[in-house]
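Geometric and topological summary
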Amino acid sequence: MRRKEPDSCGFAAAMQAIGGKWKTSLLWELHLRPHRFAELRRQLPGISEKVLTQQLRQMEADGLISRRAYDEVPPRVEYSITPLGLSLNDAVTAMSAWGKQHESWKDQRQAA
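Residues numbered from 1 in each chain as written. Predicted model: local features only at pLDDT ≥ 70, side-chain atom pairs only at ≥ 80, totals over all residues. Heavy atoms only, no water.

Here's the deal with the sheet that holds strand β3 (residues 76-81)
Note the cut-off: In this analysis, strands are considered paired if DSSP registers two or more bridges between them. Put simply, DSSP marks the helices as runs of H or I at least four residues long and the strands as runs of E at least two long, and each gets a number from the N terminus on. Contacts are residue-level and defined by heavy atoms, with any inter-residue pair within 4.5 Å sufficient. Only C-alpha atoms enter the line fits that serve as axes; for helices the fit covers just the stretch in contact. Angles between N-to-C directions range over 0 to 180 degrees.
The 3 strands are arranged β1-β3-β2 in an open sheet whose pairing can be described as antiparallel. The open sheet is flanked by β1 (35-36) and β2 (65-70), the only strands paired with a single partner. Across 6 bridges, the pairing between β2 and β3 is antiparallel. Counted as the bridge partner of Ser-66 is Ser-80 from β3. Those strands touched by helix α2 (residues 23-32) are β1, β2 and β3, and its axis lies near 100° from that of β3.

As for the packing of aromatic side chains
The relative placement of two aromatic rings is captured by the distance of their centres and the angle of their planes. Defined as follows: Ring geometry is summarised as follows: Phe, Tyr and Trp rings, the Trp one being its six-membered ring, pair when their centres sit within 6.5 Å, and such pairs are stacked at plane angles under 30 degrees, edge-to-face over 60 and tilted between the two. Either the NZ atom of lysine or the CZ atom of arginine qualifies as a charge over a ring when it sits within 6 Å of the ring centre and within 35 degrees of the ring normal.
With the rule as written, the count across this model stands at 0 aromatic pairs. Taking the ring centre of Tyr-70 as reference, the NZ or CZ of Arg-76 above it sits at 3.7 Å.

Some remarks on unusual backbone geometry
Residue Pro-74 is reached from Val-73 by a cis peptide bond, and omega for that bond is -5°. Tracing the sequence through the fold places Pro-74 in the loop between β2 and β3.

Overview of the pattern of salt bridges
Note the threshold: Salt-bridge detection follows one rule: a side-chain nitrogen of Lys or Arg within 4 Å of a carboxyl oxygen of Asp or Glu. Relative accessible area decides the class of each residue, using a 1.4 Å probe on protein chains only: under 20% of the type maximum gives buried, over 50% gives exposed, and in between gives partly exposed.
If you walk through the whole model with that rule in mind, you get 5 salt bridges. For Glu-49, the salt bridge is made with Arg-41, and the minimal N-O distance between the two is 3.2 Å. A residue is classified by how much of its surface remains accessible, and Glu-49, at 46% relative accessible area, is partly exposed. Among the salt bridges present, the one from Arg-76 reaches Glu-78, with a minimum N-O distance of 3.5 Å. Each member of the salt-bridge network shares a partner with another, and the members are Glu-72, Arg-76 and Glu-78.

The values reported here are purely geometric and, on their own, carry no functional implication.
The following block contains the structure:
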């Protein structure tokens with residue numbers, strides 16, 4: 001059995017936290033304001049309930065979002081971004097800007 005090596009640069013840990021098709025979109029939606037489960041599902045067409053539940057649980061376990069259950073009938077649960085999640089959102093925004101620049105570079109290269 002291989003021993004797990006520490007992530008000395010931190011990049012692998014960051015990618016694990018935002019890995020998955022929907023996590024960056026969820027971070028973006030939650031940085032705007034807290035959302036209920038059904039609101040998130042409507043904001044992200046194409047995501048299944050199962051995947052949304054999995055992604056939210058993983059992000060909560062990683063400390064990126066918080067889940068608040070209200071003692072009401074019918075039950076109400078809201079998800080919101082944590083300060084740690086906000087700091088990751090800053091990094092994702094920078095990656096997004098790089099991605100747009102890279103797409104522009106690829107378009108220019110194809111046009112030439």
